[in-house]
Amino acid sequence: MYEWILWFHVVSFISWFAVLFYLPRLFIYHTEHKENEGFVKVVKIQEYKLFKYIGVPAMWTTVLSGSYLVYEIGFAGNTWLHAKLLFVAILIVYFFSMNFYRKQLEKDECFKSGKFFRMYNEVPTILMMLIVAMVVIKPF
């Protein structure tokens, strides 16, 4: 059973990261083309559906399957796991911050620049590298 849950966790993780990588890219397009009303209207729909219908389920399936794996592995004595979970917690906060910006953009109340969202878009990449390093290398 463990291997199937691990497989499901990896698939969920990949799906969640697709959203974490692409939604901020949509924010960039949204902010840099806000004068094009037709384009923005379509991007708002994409942002909403990507977050709600792919991002939220993928995040929850990643967290729930990961929780089972933590239970099976055991929390005690696995310092690498503690570090990984810290990075995952930061990633969850980042995920919900995307919804904050999505809602602002939806109401045309976001005044962040495309440059801001370009930098913001790098956060999940850095966290992914740290999370995968903790699992593969287990440095602690």
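Everything below is about the structure shown above.
Novice: Give me the lowdown on the overall build of the chain, citing residues and values where you can.
Specialist: Per the secondary structure count, the chain includes five helices and zero strands. Going from N to C terminus, the chain has its helices and strands arranged as α-α-α-α-α. The C-alpha extent of the chain, read off along each of the three principal axes, is 55 × 25 × 20 Å. Across the chain, every contact between residues at least 6 apart in sequence was considered, and the portion connecting residues at least 24 apart equals 79%. Accessible surface, the chain: about 8,400 Å² in total, of which carbon and sulfur atoms supply 70%. Put simply, the chain has 14 plus and 10 minus side-chain charges, and the middle of one group is 2 Å from the middle of the other.

Novice: Tell me about unusual backbone geometry, residues and numbers included.
Specialist: Phi is positive for Asp-108, which is not a glycine, with a value near 60°. Judged by relative accessible area, which is 53%, Asp-108 ranks as exposed. A positive phi is found at Lys-138, a non-glycine position, where the angle reads about 50°. You can see Lys-138 is positioned in the segment after α5 (123–136).

Novice: Explain the nonpolar core residue by residue, including any values.
Specialist: Ranked by internal contacts, the top residues of the largest apolar core, which has 29 residues, are Leu-20, Leu-23, Phe-27, Phe-95, Met-98 and Phe-117. Going through the elements one at a time, α1 (2–32), α2 (37–73), α3 (79–106), α4 (114–120) and α5 are the ones with two or more residues in this core. Excluding residues that lie within four positions of it along the chain, Met-98 makes contacts with Val-19, Leu-20, Leu-23, Pro-24, Phe-27 and Tyr-120.

The rules behind the values
- By convention here, each chain's residues receive numbers from 1 onward along its written sequence.
- The model is predicted, so local features are restricted to residues of pLDDT at least 70 and side-chain atom pairs to those at 80 or more, both for listing and for counting; the totals for chains, interfaces and linings are taken over all residues.
- Water and hydrogen atoms play no part in the side-chain values, which are based on all heavy atoms of the structure.
- Secondary structure elements are taken from DSSP: a helix is a run of H or I of four residues or more, a strand is a run of E of two residues or more, and numbering for both begins at the N terminus.
- Pairs of residues are marked as contacts when any of their non-hydrogen atoms sit within 4.5 Å.
- Computed with a 1.4 Å probe, the accessible areas rest on the Shrake-Rupley method; for each residue, only the protein chains presented here act as cover.
- Note that His is not counted, nor are the chain ends; the positive residues are Lys and Arg, and the negative ones are Asp and Glu.
- Where a charge lies is defined by one atom per residue type, namely NZ (Lys), CZ (Arg), CG (Asp) and CD (Glu).
- For each residue, the accessible area found with a 1.4 Å probe, counting protein chains only, is set against the maximum for its type, and the residue is called buried under 20%, exposed over 50%, and partly exposed in between.
- For this analysis, a nonpolar core means a set of buried residues of the types Ala, Val, Leu, Ile, Met, Phe, Trp, Tyr and Cys, connected via side-chain atoms within 4.5 Å.

By themselves, these observations are geometric and do not establish any function.
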